[in-house]
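So you can see what is in the structure, the chains are spelled out below.
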Amino acid sequence: HGSIHADRAAQRRLLQVRDRAAVAQTAAPVALTGRTVLITGSSSGFGRLTALHLADLGANVVASMRNLQGGRRPEAVSLLAEARGKPGKVQVVEIDVTKPDQVASGVREAQRLLGGAPDVLVSNAGIGLGGPIELHDDAALELQMQTNLMGGLRMARAVLPGMRARKSGLIIPVSSQLGRLVLPGVGAYCSSKFGLEAAFEAMAYEIAPFGVEVTIVQPGGYPTRIWESGGRAFDAVLARTDAERRAAYEPHIALTRGMQSQPRSTDPSDVARAIAALIALPAGERPLRRPVHPNSQGVEAANAALARLQAGAMGQGPY
């Protein structure tokens, strides 16, 4: 038994090395000089890292975030300071993706700064609200769906007229491996990401004739502030939950806490590098989905199996 476990451990290490090498391949330096990119959820995590990385590669980036405070929000000030002197440019606009009026005004301002529709939309804004499904009241479900699903669709609908008119563009919704695989304790989050994946896959077929592409990025578990903000949102949910439900789900609540607080040693810049590599690919060569994590075998298998089913369902029709 000891030798079997040792062999399996060695195989896991070899797979991890292989997968890290695959991630590293997408990190090869690329030039994005002159590309224009709009990113949501840029105050921290993947959004901030992507804005800075693309500016390093020469792109002209508009990074959006909520509660800009007239440009005084500390995260905006520090982002602009860090971007200063890079080959590309970073500018900041205010967009709360849960507010249709702000999406409209923010995209208009971004297009003014970029001189037209962006070449690329990175729809990254999201929240990771955990907890058993029964504990999610309407307010919790609304927050999750409005941010992760509706927000992404609002942003796409706002930029698509300009992309369609130009007959080119790329939309990159940031999903999750939990947009393909389900875990208890994050069912509402999975629901929002499964919905995102369904909507943007359908959109990919619909907008292909206009020369506009979709690539869904599927990160695994990375140490970003989504877990911190999700933990605060979960605290608010528990404060609104009655004592009977809290007691009934006590073991699940403990598991959710553990999931939100567990240490993660992976590098979230993997996602920024993968996005840059996707932007650099020639039009027509980008994949529909791109998992990003040292261990992505499960979601890669799900993607491959579902791609075969999709091809069978759609292969005889006009798409």
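One structure accompanies this document, and this report is about it. (Residues numbered from 1 in each chain as written. Predicted model: local features only at pLDDT ≥ 70, side-chain atom pairs only at ≥ 80, totals over all residues. Heavy atoms only, no water.)

1. Quick look at the overall build of the chain
Then comes step 1: A count of helices and strands for the chain gives 11 helices and eight strands.
Then comes step 2: In the chain, buried positions account for 48% of the 319 residues.
Then comes step 3: In the chain, the share of contacts with a sequence separation of at least 24, taken over all contacts with a separation of at least 6, comes to 75%. (Helix = DSSP H or I, 4+ residues; strand = E, 2+ residues; numbered from the N terminus. Buried < 20%, exposed > 50% of the residue type's maximum accessible area, 1.4 Å probe, protein only. Contact = heavy atoms within 4.5 Å.)

2. Brief notes about helix α3 (residues 74-83)
Then comes step 1: Looking only at α3, the buried set comprises E75, A76, L79 and A83. Projected onto a plane normal to the axis of α3, the buried residues spread over an arc of 100° and lie on a single side.
Then comes step 2: For α3, the secondary structure elements touched by its buried residues are α2 (45-56), β2 (60-65) and β3 (89-94).
Then comes step 3: Of the residues trailing α3, G85 is marked for its positive phi of about 90°. (Arc of directions from axis to C-beta.)

3. Comments concerning the pairing of β2
Then comes step 1: Along β2, six of the six residues are buried, which leaves the element largely enclosed by surrounding structure.
Then comes step 2: Of the two faces of β2, the one lined by N60, V62 and S64 and the one lined by V61, A63 and M65 are each fully buried.
Then comes step 3: Alignment of strand β1 (residues 36-39) against β2, held across four bridges, turns out to be parallel. The residue bridging T36 from the neighbouring strand is N60, located in β2.
Then comes step 4: Since β1 and β2 lie parallel, the crossover through α2 that links them has a hand, and here it is right-handed.
Then comes step 5: The pairing of β2 with β3 spans six bridges and is parallel. (Pairing = 2+ DSSP bridges. Right-handed = clockwise from strand over helix to strand, strands pointing away.)

4. Let's talk about the packing of aromatic side chains
Then comes step 1: Scanning all chains against the criterion turns up zero aromatic pairs.
Then comes step 2: In this arrangement the basic side chain of R164 is found over the ring face of F210, its NZ or CZ atom lying 5.5 Å from the centre. (Phe/Tyr/Trp six-rings, centres within 6.5 Å; stacked < 30°, edge-to-face > 60°. Lys NZ or Arg CZ within 6 Å of the ring centre and 35° of its normal.)

5. Examining the pattern of salt bridges
Then comes step 1: By the definition in use, this model includes 15 salt bridges.
Then comes step 2: With a closest N to O distance of 2.9 Å, E75 and R73 form a salt bridge. We note that E75, like R73, is buried.
Then comes step 3: Note that D96 and K99 form a salt bridge whose closest N and O atoms lie 3.9 Å from each other.
Then comes step 4: A relative accessible area of 41% means that K99 is categorised as partly exposed.
Then comes step 5: It is possible to trace a salt-bridge network through shared partners that takes in E134, D242 and R245. (Salt bridge = Lys/Arg side-chain N within 4 Å of Asp/Glu carboxyl O.)

6. Some thoughts on the packing of helix α5 (residues 138-166) against helix α6 (residues 187-207)
Then comes step 1: Interaxial distance between α5 and α6 falls to 8 Å at its minimum, and their mutual angle equals 15°. The pairing of α5 with α6 is recorded here as roughly parallel in orientation. When the axes of α5 and α6 are compared, the crossing they make is right-handed. Residues L141, Q144, M145, N148, L149, G152, L153, A156 and L160 of α5 form the contact with α6, whose participating residues are A188, Y189, S191, S192, K193, G195, L196, A199, F200, M203 and I207.
Then comes step 2: Residue composition of the contact of α5 with α6, grouped by class: 13 nonpolar, six polar and one charged. (Axes fitted to C-alpha atoms, helices over the stretch in contact; angles between N-to-C directions. Parallel < 35°, antiparallel > 145°, perpendicular 65-115°, else oblique. Left-handed = near helix turned anticlockwise from the far one by under 90°. Nonpolar A, V, L, I, M, F, W, Y, C, P; charged D, E, K, R; others polar.)

7. Side note on empty space enclosed by the protein
Then comes step 1: Following the criterion strictly, the structure yields one cavity of 30 Å³ or more and no others.
Then comes step 2: What lines the largest cavity is a set of 10 residues, among which G128, L129, G130, V186 and W227 lie closest to the centre.
Then comes step 3: Residue assignment for the lining of the largest cavity shows that the elements contributing at least two residues are α7 (226-240) and α9 (250-261).
Then comes step 4: No other element matches the three residues that α9 contributes to the lining of the largest cavity.
Then comes step 5: Residues that form the lining of the largest cavity fall into these classes: six nonpolar, four polar and no charged. (1 Å grid on protein atoms, 1.4 Å probe; cavity = no way out; pocket = protein on both sides within 12 Å on 5 of 7 lines; lining within 4 Å. Points joined across faces, edges and corners; volume = space filled by probe spheres on them.)

8. Considerations on the nonpolar core
Among soluble globular proteins, nonpolar side chains are generally buried collectively.
Then comes step 1: Counting 33 residues, the largest nonpolar core has V37, L54, V61 and I279 as its most contacted members.
Then comes step 2: If you list the elements that add at least two residues to this core, you get β1, α2, β2, α3, β3, β4 (120-123), β5 (169-173) and α10 (269-280).
Then comes step 3: Sorting elements by how many residues they give to this core places α10 first, with six residues.
Then comes step 4: The contacts of I279, once residues within four sequence positions are left out, are L32, R35, V37, L54, V120, L170, I172 and R286. (Core = buried A, V, L, I, M, F, W, Y, C linked by side-chain atoms within 4.5 Å.)

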